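An overview of the molecular structure
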Amino acid sequence: MSTCIRCSWQEVGKLVINPDGQVFPCCYLANKTYKADKHGALFDNVESQSEKGFGNWYWKEKSDKIMRDYVKHKDELNVKKVPMEDILNHPWYTEMLPESWENEETRNDICVTYCETPVEYDDRESGSS
């Protein structure tokens, strides 16, 4: 059976703003990012920690690429630094995240766990997902 990602938070127009100003599409990705940051596997340390073998348990090669992309653009996705309208129109929200859902190999594990849904035959016929 074919599946797709239908973001339950996006469908109801919700998102998360962390106390530090980071804007996330849902609490699930926000929580994982917070935990990674507290374990030294995020933001300034992400590349060096991955090279040393640390942090890979948070940032898997394929499925967490979207979150590594988030980290690269973290200042542009922070409401304390950028207006909300600019954040919501940022390529991470308008292109990178939705495109990551198109391929089962690039879907973030969190998105799969909470937002994966079967594609109905009629959906495939009409081209929507």
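In short, a report on the structure.

What counts and what doesn't
In this numbering scheme, every chain counts its residues from 1 along its sequence in written order. In keeping with the predicted nature of the model, local features appear solely for residues at pLDDT of at least 70, side-chain atom pairs appear and are counted solely at 80 or more, and the whole-chain, interface and lining totals rest on all residues. Side-chain measures were taken over the full set of non-hydrogen atoms in the model, leaving aside hydrogen atoms and water. Helix and strand assignments come from DSSP, with helices taken as H or I runs of at least 4 residues and strands as E runs of at least 2, each series counted from the N terminus. In what follows, a contact means two residues having at least one pair of non-hydrogen atoms within 4.5 Å. Within this document, salt bridges are pairs made up of a side-chain nitrogen of Lys or Arg and a carboxyl oxygen of Asp or Glu, the two lying within 4 Å of each other. Put simply, two rings from Phe, Tyr or Trp (the six-membered ring, in Trp's case) pair if the centres are within 6.5 Å, and we call them stacked under 30 degrees between planes, edge-to-face over 60, tilted for the rest. Only protein chains enter the calculation, and the probe is 1.4 Å; a residue is then buried if its accessible area is under 20% of its type maximum, exposed if over 50%, and partly exposed in between.

Thoughts on the environment of Thr 117
Residue position: Thr 117 is located in strand S4 (residues 116–118). It is 6.1 Å that separates the C-alpha atoms of Thr 117 and Ile 5, two residues lying 112 residues apart in sequence. Contact partners of Thr 117, with chain neighbours within four places excluded, come to Ser 2, Thr 3, Cys 4 and Arg 6.

Regarding the pattern of salt bridges
On inspection of all chains with the given rule, the structure shows 5 salt bridges. When the shortest N-O distance is used, the salt bridge between Lys 74 and Asp 75 registers 4.0 Å. Within the structure, one salt-bridge network assembled from shared partners comprises Lys 65, Asp 69 and Lys 72.

Let's talk about the packing of aromatic side chains
Evaluated as defined, the whole model comprises 5 aromatic pairs. Ring centres of Trp 9 and Tyr 28 lie 6.4 Å apart, and the angle between their planes is 75°; on these two criteria the pair is classed as edge-to-face. Placement of Trp 9 in helix H1 (residues 8–11) and of Tyr 28 in helix H2 (residues 27–38) is noted, with a sequence separation of 19 residues between them. Judged by its relative accessible area of 19%, Trp 9 is buried. Centroid distance Tyr 28 to Tyr 114: 3.7 Å. Interplanar angle 5°. Geometry classified as stacked.

All quantities given are derived from atomic positions and should not be read as evidence of function.
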